[in-house]
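One letter stands for each residue in the lines below.
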Amino acid sequence: MSRLGIFVDRKTLSNAEQLSALINCRDVAENRGHDVEFLFPVDINKIPKMDALFIRARTDPMNITYVAARMADFHGIPVIDDSDSIQICGDKINMYSHLQKKNVALPKTVYLSKNDLSVERVSQLFDTLGTPLIVKEPSTSFSLRVEKVTDIAGFFRVARRFIKMSDWIVVQQFVESTYDWRVGVLGGKLLYACKYTIPSVTFKIQASVNGHIVYCGVESVPEIAVPPNVIQLGIDAADAIGNGLYGVDIKNNNGDARVIEVNDNPSLESGEDACYPLVYERIIDHLFTA
Amino acid sequence: MTRDSLAVVKRNHAYHVIAEDYSYKTEAYYTILERELSGENIHPSSRNVLDAFVVPICLERAKLTGIPVMEWGISQAYVPLPAILYGLNYFATASDFFVVQDNEQAKDVVKHITNKGKYPFCYQKLDDGATIHTCTAVFGRTVGSCTAIEGYAEKIYNLFSIPLVSMVFVKTGSGVVLSSLAPTRYTHLTEKERALLAAYRDEQEFL
């Protein structure tokens, strides 16, 4: 009997939806004949005893999930998310660079070093990329540290804040839309698709508005109802990163699809997979046949 | 070299980035990443600098190459005493390590490095009488270190290829073991270490 470790942390278990999703995952794995053990950060030394590892905690190259992924690497254990994917997707500069290298369609994207932050350079960015601009701190997740700016003064206010956390930042052309496609890809194949409806009070899928967190709406969409160019772009974007599990966010205005970002460790607890009942079966089979 | 400056030197058909701090999302890290993505043979790699400064990964990789390392564990609260503690999160740096001797002190340090329990941390139990020693390696060479540390510095350089790194060792009755690697400031270098770095930067040959 094979052993599956599901690596979690306190935060993963802090809401009911995540907990239900994890229990569902465990039940699916057990029904497929695997032993399942939830591993917390203090259990990291148990990773070598596992036959496969599924990380379900917020990933970052500077946190314990990266240690877990590397421990799996050292012991030849198949893992989702693998350490390369964590390193690439955890840093938008790394992630966009991989997409650009493979000619994946993106909004116009520029990286700005703190050493190049000048009025002339910023003015040039508005001229080249248009107004407004999107400014991102590279390790943002859940749309934190993503801001829309409309003038040079606003740009500097945001950039100075982000440059305290990163020597380089991302500057991007703004693409307006009322929803993002999220294309789930596993091992280079479509796993699920859904729409994230952007709240009308913001341009992000999650935002703090007047002190309250506003979340996007989630609508799972069957494959037949997803534009083929969106599916193909999602697969191409995932392939530019690796062979693991990714959630690719895409804006598709009038058929001009562009990747907004590729996420490792994509959310599966908010109904993203409602039209795709075999998501966990496929993830677990992928891990054990890797 | 001045604060925050970096240099790229070519030696033996490879480029080497000399910087004070190779940590994630620094100018040095992105310089490496940019060159890696354009296919250059650049050292250290972005993977190596990430691995080197996340303490448990650094120790696991060092152990696999035969360098003796401290036993480590991950905790959310419990600390065996005495111990060295390292933060393990987005805001932590391996340069900041804390030696705790008693429960009161451990409680305060754990609160600090875990951001009030939000993140786990890495601990290394210290044997009685253990002492901590920090020294700097320049392209795998040290100035005025014992033979054991000289040997480890070279092995660490072969492993991570980081031109300038601070090494933290723990000395016990049975020998010297690695506790962590961390970035180092140019201002912390001795005259001799600066001369060694300048010689590498200016591509002088060593016999």
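Just so it is clear, the model here is predicted, and its values are computed rather than measured. (Residues numbered from 1 in each chain as written. Chains lettered and ligands numbered in written order. Predicted model: local features only at pLDDT ≥ 70, side-chain atom pairs only at ≥ 80, totals over all residues. Heavy atoms only, no water.)

Draft legend 1. Local environment of the interface of chain B and chain A. Counting residues at the interface gives 30 residues for chain B and 37 residues for chain A. Here chain B and chain A share an interface that buries about 2,900 Å² over both sides, 59% of which is from carbon and sulfur atoms. It is Tyr30, Leu37 and Arg47 of chain B that lose the most area in chain B upon contact with chain A, and together they represent 22% of the buried surface on that side. One can count three salt bridges joining chain B with chain A. Across the salt bridge formed by Glu137 of chain A and Lys25 of chain B, the nearest N and O atoms sit 2.5 Å from each other. The tally of links from chain B across to chain A stands at 20 residue pairs in polar contact (both at pLDDT 80 or more). Counting only elements with at least two residues in the side of chain B that touches chain A, the list comes to α1 (27-37), α2 (46-53), α3 (55-64) and β4 (73-75) of chain B. If you tally residues by element for the side of chain B that touches chain A, the top one is α1 of chain B, at six residues. Split into classes, the residues belonging to the side of chain B that touches chain A amount to 16 nonpolar, six polar and eight charged. (Contact = heavy atoms within 4.5 Å. Buried area = accessible area lost by both parts, 1.4 Å probe. Salt bridge = Lys/Arg side-chain N within 4 Å of Asp/Glu carboxyl O. Polar contact = N/O pair within 3.5 Å; in protein donor to acceptor, adjacent residues only side chain to side chain. Helix = DSSP H or I, 4+ residues; strand = E, 2+ residues; numbered from the N terminus. Nonpolar A, V, L, I, M, F, W, Y, C, P; charged D, E, K, R; others polar.)

Draft legend 2. Here's a closer look at the packing of helix α2 (residues 64-74) of chain A against α2 of chain B. At a minimum axis distance of 11 Å, the contact between α2 of chain A and α2 of chain B shows a crossing angle of 110°. On the basis of the axis angle, α2 of chain A is roughly perpendicular to α2 of chain B. As for the relative orientation of α2 of chain A and α2 of chain B, their crossing is left-handed in sense. Side by side, α2 of chain A and α2 of chain B meet where Tyr66, Arg70 and Asp73 of chain A of the first sit next to Arg47, Leu50 and Asp51 of chain B of the second. Residues belonging to the contact of α2 of chain A with α2 of chain B are distributed by class as follows: two nonpolar, no polar and four charged. (Axes fitted to C-alpha atoms, helices over the stretch in contact; angles between N-to-C directions. Parallel < 35°, antiparallel > 145°, perpendicular 65-115°, else oblique. Left-handed = near helix turned anticlockwise from the far one by under 90°.)

Draft legend 3. Fine view of unusual backbone geometry. For the bond from Ile80 of chain A to Asp81 of chain A, the omega torsion is 5°, close enough to zero to count as cis. Assignment of secondary structure puts Asp81 of chain A in the loop between β4 (79-80) and α3 (83-89). With phi around 70°, Lys25 of chain B is a residue other than glycine that occupies positive phi space. Looking at the secondary structure, you find Lys25 of chain B in the loop between β2 (14-18) and α1. The phi torsion at Ser161 of chain B lies on the positive side, around 55°, for a residue other than glycine.

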